[in-house]
Amino acid sequence: MLLTNRVAIVTGASKGIGRVMAQMFAHEGARVVCAARSDALVNETAGLIRSAGGQAVAVVADVGSEEGARAIVEAGRQAFGSVDTLVNNAGDGGPTKPIQDYTTED
């Protein structure tokens, strides 16, 4: 288990690649903060992880806003004490450029 004692936030964890990544992180021992805008689906992802013996919490928030991003990180800290890594999987298009060139509005 490569990620024992690590905490990972996975955004867009409600379905598709995000759900699978959240499950794989948990399978490797990480405690997972599953974040997405869809309440039922992100809770389902966290439930799947827990039913497989992993540790996960669901956070309903929009990582596209600063408020949502802060809420996700804070939920991870409250649930697990810290956050070690982020999989920023959420997205639905838009401009692409190097990360350092994005503004808060982007």
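Computed from a predicted model, the values in this text were never measured in an experiment.

It is worth spelling out the overall build of the protein chain at this point. When you go through the protein chain residue by residue, the secondary structure sums to three helices and four strands. Taken from N to C terminus, the helices and strands of the protein chain fall in the order β-α-β-α-β-α-β. The globule rule puts the C-alpha radius of gyration for 106 residues at 13 Å, and the 13 Å found for the protein chain is close to it. Principal-axis analysis of the C-alpha atoms gives the protein chain an extent of 40 × 25 × 20 Å. Here the protein chain holds 106 residues, and the buried ones make up 31% of them. Looking at the protein chain alone, contacts between residues at least 24 apart form 57% of all its contacts between residues at least 6 apart. The distance from the centre of the 9 positive side-chain charges to the centre of the 12 negative ones in the protein chain is 6 Å.

So, about the side chain of Arg31. Structurally, the position occupied by Arg31 is in strand E2 (residues 31-36). The residues touching Arg31, leaving out its near neighbours within four places in the chain, are Asn5, Arg6, Val7, Ala8, Gln55 and Phe80.

A separate point is the side chain of Thr11. Within the secondary structure layout, Thr11 lies in strand E1 (residues 7-11). Within the local environment of Thr11, its side chain forms a polar contact with the backbone nitrogen of Asn89, the two atoms lying 2.9 Å apart. The contacts of Thr11, once residues within four sequence positions are left out, are Ala35, Val63, Leu86, Val87, Asn88, Asn89 and Ala90.

Now for the pairing of strand E3 (residues 55-60). In terms of strand pairing, E2 meets E3 through six bridges, oriented parallel. Within E3, the residue paired with Arg31 across the bridge is Gln55. For the crossover from E2 across helix H2 (residues 39-51) to E3, the handedness is right-handed.

About the cut-offs
- Residues numbered from 1 in each chain as written.
- Predicted model: local features only at pLDDT ≥ 70, side-chain atom pairs only at ≥ 80, totals over all residues.
- Heavy atoms only, no water.
- Helix = DSSP H or I, 4+ residues; strand = E, 2+ residues; numbered from the N terminus.
- Rg over C-alpha atoms; globule rule 2.2 N^0.38 Å.
- Buried < 20%, exposed > 50% of the residue type's maximum accessible area, 1.4 Å probe, protein only.
- Contact = heavy atoms within 4.5 Å.
- Lys, Arg positive; Asp, Glu negative; His and termini not counted.
- Charge placed at Lys NZ, Arg CZ, Asp CG, Glu CD.
- Polar contact = N/O pair within 3.5 Å; in protein donor to acceptor, adjacent residues only side chain to side chain.
- Pairing = 2+ DSSP bridges.
- Right-handed = clockwise from strand over helix to strand, strands pointing away.

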